[in-house]
Amino acid sequence: MNDNYICIGDHTLEISSKSAIVNKFLSENFEPIFESIDYSNIKIEIIETYGTPFIDYNVYITKENGKTIFRRSDYLIEAETDYSSATIFINNELALKHALMNLYSSYIVYHNWGLLIHSSCVIENEKAHIFAGHSGAGKSTAARLSHPRELLSDEATLVKITSDEILVYNSPFRSDITSNEYMDPTPLASIQILHQSLQNKRVNMKKSDAYIHLMDKVFYWAHDPNETKNIMELLRTLVDRVPNFELYFKKDDTFWELIS
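Thresholds, definitions, all that
Residues numbered from 1 in each chain as written. Predicted model: local features only at pLDDT ≥ 70, side-chain atom pairs only at ≥ 80, totals over all residues. Heavy atoms only, no water. Pairing = 2+ DSSP bridges. Helix = DSSP H or I, 4+ residues; strand = E, 2+ residues; numbered from the N terminus. Contact = heavy atoms within 4.5 Å. Axes fitted to C-alpha atoms, helices over the stretch in contact; angles between N-to-C directions. Polar contact = N/O pair within 3.5 Å; in protein donor to acceptor, adjacent residues only side chain to side chain. Disulfide = S-S within 2.5 Å. Buried < 20%, exposed > 50% of the residue type's maximum accessible area, 1.4 Å probe, protein only.

**Concerning the sheet that holds strand 5 (residues 60-64)**
Pairing is mixed in the open sheet, where 8 strands are placed in the order 3-1-2-4-8-7-6-5. Each edge of the open sheet carries a strand with a single partner, namely strand 3 (31-32) and strand 5. Relative to strand 8 (residues 85-90), strand 4 (residues 42-47) runs parallel, the two sharing 5 bridges. Each residue of the ladder has a partner; that of Ile-46, found in strand 8, is Ile-88. Lying on the sheet, helix 1 (residues 20-29) is in contact with strand 1 (2-8), strand 2 (11-17), strand 3, strand 4 and strand 8; it crosses strand 1 at an angle near 30 degrees.

Shown next, in the form of C-alpha cells:
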C-alpha cells in the first residue's frame, strides 16, 4: 500500500492505494507534498477493479449506514457525511479522475470553501479570467488561443470564495492542456460567458443573468438541500464581487484586446 500526500487548493489529501495506475496518475497530475504531514483534510483509500468502463455521466446517490454513496458505472465512492474520509472503487484512470472531482467538489461545497466550475481560466497581468459557456461554446478553444499566457484550468476551475477575496487555484483536473509547474492562487478579475462569433465583442452582463448561466456549470451532484444552499450563496458572492461579461470571440487571440 502506497501513501501519497497531495495538495489541491489549500487542502491536503492523504491517498492510499496498491494500484500502479493510481500512483502513476497521482504523480503525473497532482502537486506532491514531500515534507512530514501531521494532518490531512481528506483521507482516501482507492481500490481498483470495479464496475465497467465509462457509459454515461449519471451518478446515483444514496445514504447508507451513515455514509454518502456515489455510484456510476465505472466508480463507487463511500464517503463520510463531511467528506473528510472516503473509499473509492474505480474501473480505470478516467473513473479515478472523475471520482476525485466528485469527492473534492463535494468536500469544498460542504465546507463552504468554494466551487469547482466547468470552465477554463487564464492568467493575464497577474489576474485570472474565467471562460465558461455551454458545451461547445469554446472553453478549451479560448484556453489554447491564450498561449503563452499561464493556464490555471482547461476544464474545471477551482475557485475559493470568501467575502474578502475570490482566488483561483491551479486545477489538477485537466482535459488536454497539462500544468507544468506550481502557481500561486490568483485573484479573479472577470468571468466571460462565451459565444463563438465572426467579430469580437464584450458586453457587460447582469449579475442575475451570470448567476443563472453559472448555476449548471458547477461540478456538483445534487442530493443535499444544505449543500445546494451553499452553492447558491457561493455563486451569489462570486457574481456580486467579480465583473461578468458575455464574450463574442473569433477563433484567434485578438479577443484578449477586449480583456487586457
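**Concerning the side chain of Asn-41**
Here Asn-41 shows up in the loop between strand 3 and strand 4. In terms of polar contacts, Asn-41 uses its side chain to reach the backbone amide nitrogen of Thr-12, at 2.7 Å. Filtering out sequence-adjacent residues up to four positions away, Asn-41 remains in contact with Asp-10, His-11, Thr-12, Ser-84 and Tyr-107.

**Regarding the state of the cysteines**
Under the criterion given, the structure shown has 0 disulfides. Free of any disulfide, Cys-7 has its nearest neighbouring cysteine sulfur in Cys-121, separated by 17 Å. Looking at Cys-121, the relative accessible area reads 0%, which means it is buried.

**Considerations on the environment of Val-109**
Here Val-109 is to be found in helix 2 (residues 93-110). Along the chain, Val-109 and Leu-234 lie 125 residues apart, while their C-alpha atoms are 8.7 Å from each other. Sequence-distant contacts of Val-109, that is, excluding residues within four places in its chain, are made with Gly-114, Leu-115, Tyr-220, Glu-227, Asn-230 and Ile-231.

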